[in-house]
Amino acid sequence: MSDIAARIGPETPSRAILLILISMVCISVNDMLIKLLSGDYPLHQMVFVRSAIGLVITLVIVRVQGGWRLLRTETPVLHLIRAFLLVAANMLYFSALAVMPLGVATALFFVAPLFITLLAIPVLGETVGRHRITALLIGFAGVAVMAAPGTDWADVPRSALALPIAAAACYAGMQVMTRKLGAKSPAVAMATYVQSAFLVVSVLFFLSVGDGRFAERVDSESLVFLLRAWVWPAPADLWKFALMGVMVGVIGYSLAQAYRIGNPATVASYEYVALPMAIGFGWVVFGEVPTPVMVLGAALIAGAGIYVFARERRRGGRGPAADRPLRRG
């Protein structure tokens, strides 16, 4: 048994599954809150508040799990690149929430494991067999179904539909790069670096566009969401900002712990419960009634992703899609 395996102990599937389900609930609530607030506040303000609260929670966990020595790393540049790729993935995805149904954005983001499989060929030099190639084709067929002209969200610009797909590509690149370069820091340390990167980016946005002067020059709702001026939250919205921060802290710990004590391919397959939750939140909170096209496209994408994870589990979790959690931190 390796030193890492000895420290972690035996796999505990039921606890890992419970933790990943908690993570998916928190992620879905977080996405719903961001969409709910997207008409009144800039994205970088929300990112700053939630990351500041989330970082405090994460640092408490760092302290409890072993102290500040956990934050030492021999690969700071790798962590910097990894963190900012994840920041880009989040910013692109959250920008999409401002202009499209929550279920559509979530479903399109779930092409990430397919991108991971695709990138494994040139980056990791892995062989991808006919089963995973078939899954790739089915998953991207689901994307084509959801992005086809004439859908019930026809008022959403076609270019905006590329945002969650671009977010998935950034996320996949980050995961493949992490595996390629072999980051060895504890998960809680990596969460700390990521939350710190979110804070830095949001502060840079505030310093450069925080007065809102650029928002007046654009028509795109996604760009307005990025460039809108900072405003003090209304009293009725303060609890929403606070809840987002708590959600981020819970997500960071529960995701890391789920993948620490469970089989990655098994745990990752449960992340797809976020898809019906997103569709449900969209229906109940925003009146986004799920349509046959949405359900069909989401089913194709989710089915392809779950099949990829199932294949990795049969192969002992050796493939690229099984190495890391799928969802955003």
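Residues numbered from 1 in each chain as written. Predicted model: local features only at pLDDT ≥ 70, side-chain atom pairs only at ≥ 80, totals over all residues. Heavy atoms only, no water.

Enquirer: Please explain the overall build of the protein as it appears in this structure.
Expert: Secondary structure summary: the protein contains 14 helices and 0 strands in total. Secondary structure elements of the protein, listed N to C terminal, follow the sequence α-α-α-α-α-α-α-α-α-α-α-α-α-α. For the protein, the proportion of its 329 residues judged to be buried stands at 51%. Across the protein, the fraction of contacts at a sequence separation of at least 24, relative to all contacts at a separation of at least 6, is 85%. Carbon and sulfur atoms form 68% of the exposed surface of the protein, whose accessible area is close to 14,300 Å². (Helix = DSSP H or I, 4+ residues; strand = E, 2+ residues; numbered from the N terminus. Buried < 20%, exposed > 50% of the residue type's maximum accessible area, 1.4 Å probe, protein only. Contact = heavy atoms within 4.5 Å. Areas by Shrake-Rupley, 256 points an atom, 1.4 Å probe, with all protein chains shown as cover.)

Enquirer: Teacher, can you tell me more about helix 3 (residues 43–65) here?
Expert: Spacing of three or four residues puts side chains on the same side of an α-helix, whose turn is 3.6 residues. Taking 1.5 Å per residue as the helical rise, helix 3 with its 23 residues ought to reach 33 Å, and the 32 Å between its terminal C-alpha atoms agrees with that figure. Buried within helix 3 are the following residues: Leu43, His44, Gln45, Met46, Val47, Arg50, Ser51, Gly54, Leu55, Thr58, Ile61 and Val62. Within two residues after helix 3, Gly67 carries a phi angle of roughly 95°, on the positive side. (Expected span 1.5 Å × (residues − 1).)

Enquirer: Sorry, what's going on with the packing of aromatic side chains here?
Expert: Each aromatic ring pair is characterised by the separation of its centres together with the angle its planes make. Applying the stated criterion to the full structure yields 7 aromatic pairs. Linked through ring pairs, Tyr93, Phe94, Phe109 and Tyr171 together constitute an aromatic cluster. For the cation-ring pair, Arg50 lies above Phe198, with the distance from its terminal atom to the ring centre recorded as 5.5 Å. (Phe/Tyr/Trp six-rings, centres within 6.5 Å; stacked < 30°, edge-to-face > 60°. Lys NZ or Arg CZ within 6 Å of the ring centre and 35° of its normal.)

Enquirer: What's the story with the confidence of the model for the protein in this structure? I'm lost.
Expert: Regions with low pLDDT should not have their predicted coordinates read in detail. Predicted confidence across the protein gives a mean pLDDT of 81, with 82% of residues reaching 70 or more. When the elements of the protein are averaged for pLDDT, helix 1 (residues 3–8) gives the smallest value, 41, and helix 13 (residues 274–286) the largest, 92. Of the regions scoring below 50 in pLDDT, residues 1–10 engages in 5 contacts with residues more than four places distant in sequence or in other chains. The model gives residues 322–326 a pLDDT under 50, and that stretch makes 25 contacts with residues more than four places away or in other chains. (pLDDT = per-residue confidence, 0-100.)

Enquirer: Help me understand the packing of helix 2 (residues 13–37) against helix 4 (residues 76–97) in this model?
Expert: Describing two packed helices takes the angle between their axes plus the distance from one axis to the other. The contact between helix 2 and helix 4 brings their axes to 9 Å, and the two run at 60°. Our classification of the angle between helix 2 and helix 4 gives oblique. Every pair of crossing elements has a handedness; the one defined by helix 2 and helix 4 is right-handed. Across the interface between the two elements, Asn30, Asp31, Ile34 and Lys35 of helix 2 pack against Tyr93, Phe94 and Leu97 of helix 4. When its residues are assigned to classes, the contact of helix 2 with helix 4 shows 4 nonpolar, 1 polar and 2 charged. (Axes fitted to C-alpha atoms, helices over the stretch in contact; angles between N-to-C directions. Parallel < 35°, antiparallel > 145°, perpendicular 65-115°, else oblique. Left-handed = near helix turned anticlockwise from the far one by under 90°. Nonpolar A, V, L, I, M, F, W, Y, C, P; charged D, E, K, R; others polar.)

Enquirer: Any chance you could explain the side chain of Ser28 here in plain terms?
Expert: With respect to the helices, strands and loops of the structure, Ser28 is situated in helix 2. In terms of polar contacts, Ser28 uses its side chain to reach the backbone carbonyl oxygen of Met24, at 2.9 Å. Leave out the neighbours within four places in its chain, and Ser28 touches Ala274, Met277 and Phe281. (Polar contact = N/O pair within 3.5 Å; in protein donor to acceptor, adjacent residues only side chain to side chain.)

Enquirer: Quick question: what am I supposed to make of the environment of Val99 here?
Expert: If you trace the backbone, Val99 turns up in the loop between helix 4 and helix 5 (102–109). Val99 sits 123 residues away from Ser222 along the chain, and the two C-alpha atoms are 6.5 Å apart.

Enquirer: Any chance you could explain the nonpolar core here in plain terms?
Expert: Within soluble globular proteins, side chains that are nonpolar tend to cluster in buried spots. Among the nonpolar cores identified, the biggest contains 83 residues, and Met46, Tyr93 and Met100 are the most heavily contacted of them. Ranked by the residues each element gives to this core, the list is headed by helix 2, at 11 residues. The residues touching Met46, leaving out its near neighbours within four places in the chain, are Ile34, Leu37, Ser38, Tyr41, Phe225, Phe241 and Met244. (Core = buried A, V, L, I, M, F, W, Y, C linked by side-chain atoms within 4.5 Å.)

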